[in-house]
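# Descriptive structure summary
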Amino acid sequence: PSEIELPPAKAKKLIDGGYENISLWENDNNKRIVMWGLFEEKVNGKQFLVLGTHYASEPGTQGESWRLQQVDLTLKLLERLTEQYRVPVILMGDLN
């Protein structure tokens, strides 16, 4: 695998960002989301996306089913973002 070397925080600027709701039911107390940001390195103009999330942590078959649904929603968002921006992506979070 290739390594990505990130510049210091002050060397980047946020260009765009947002979030997508990946909660699977209306009364989800944890409000599961995928947050994303498009960043640009100030020195060379290179851009990249960063996505962060926290999937459902319930154990067993039900929890696994929920996580798979959240993965599907995340991949749909990722597909839209990469189609729009066409830049490298860093996905991170507590994926359980």
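Below you will find a few notes about this structure. Everything numeric here is computed off the predicted structure, so don't read it as measured data.

### So, the side chain of E40
Turning to its location among the elements, E40 is positioned in strand 2 (residues 33-41). Residue contacts for E40: discarding those within four places in its chain leaves A11, K12, K13, I15, G45, K46 and Q47.

### A word on the nonpolar core
I22, V34, W36, L38, L49, L51, Y55, L77, L78, L81, Y85 and V87 together form the largest nonpolar core, which totals twelve residues. Broken down by element, this core gets its largest block of residues, four residues, from helix 1 (residues 60-85). Sequence-distant contacts of V87, defined by excluding residues within four places in its chain, comprise L38, Q47, F48 and L49.

### As for the environment of D16
Secondary-structure assignment places D16 in strand 1 (residues 12-21). Setting aside anything within four residues of it in sequence, one finds D16 in contact with W36, G37, L38 and Y85.

### So, the pairing of strand 4 (residues 89-94)
Both strand 3 (residues 47-54) and strand 4 contribute to a ladder of six bridges, which runs parallel. Looking across to strand 4, one finds that H54 is bridged to D94. Taken together, strand 3, helix 1 and strand 4 form a β-α-β motif whose crossover is right-handed.

### Considerations on the sheet that holds strand 2
Spatially, four strands are ordered 1-2-3-4 in an open sheet, and the strand pairing comes out mixed. The sheet terminates laterally at strand 1 and strand 4, the two strands that pair on one side only. Taking the axes of each pair of neighbouring strands and ignoring which way they run, one obtains an average angle of 20° across the sheet. Of the strand pairs in this sheet, strand 2 and strand 3 are connected by seven bridges, and their pairing is antiparallel. Bridge pairing in strand 3 links V34 to T53.

### What to know about the environment of W66
With respect to the helices and strands, W66 occurs in helix 1. Distance from W66 to Y55, taken between C-alpha atoms, is 8.2 Å for residues eleven residues apart in sequence. Apart from residues lying up to four places away in sequence, W66 is in contact with L24, W25, A56 and E58.

Analysis parameters
- Residues numbered from 1 in each chain as written.
- Predicted model: local features only at pLDDT ≥ 70, side-chain atom pairs only at ≥ 80, totals over all residues.
- Heavy atoms only, no water.
- Helix = DSSP H or I, 4+ residues; strand = E, 2+ residues; numbered from the N terminus.
- Contact = heavy atoms within 4.5 Å.
- Core = buried A, V, L, I, M, F, W, Y, C linked by side-chain atoms within 4.5 Å.
- Buried < 20%, exposed > 50% of the residue type's maximum accessible area, 1.4 Å probe, protein only.
- Pairing = 2+ DSSP bridges.
- Right-handed = clockwise from strand over helix to strand, strands pointing away.
- Axes fitted to C-alpha atoms, helices over the stretch in contact; angles between N-to-C directions.

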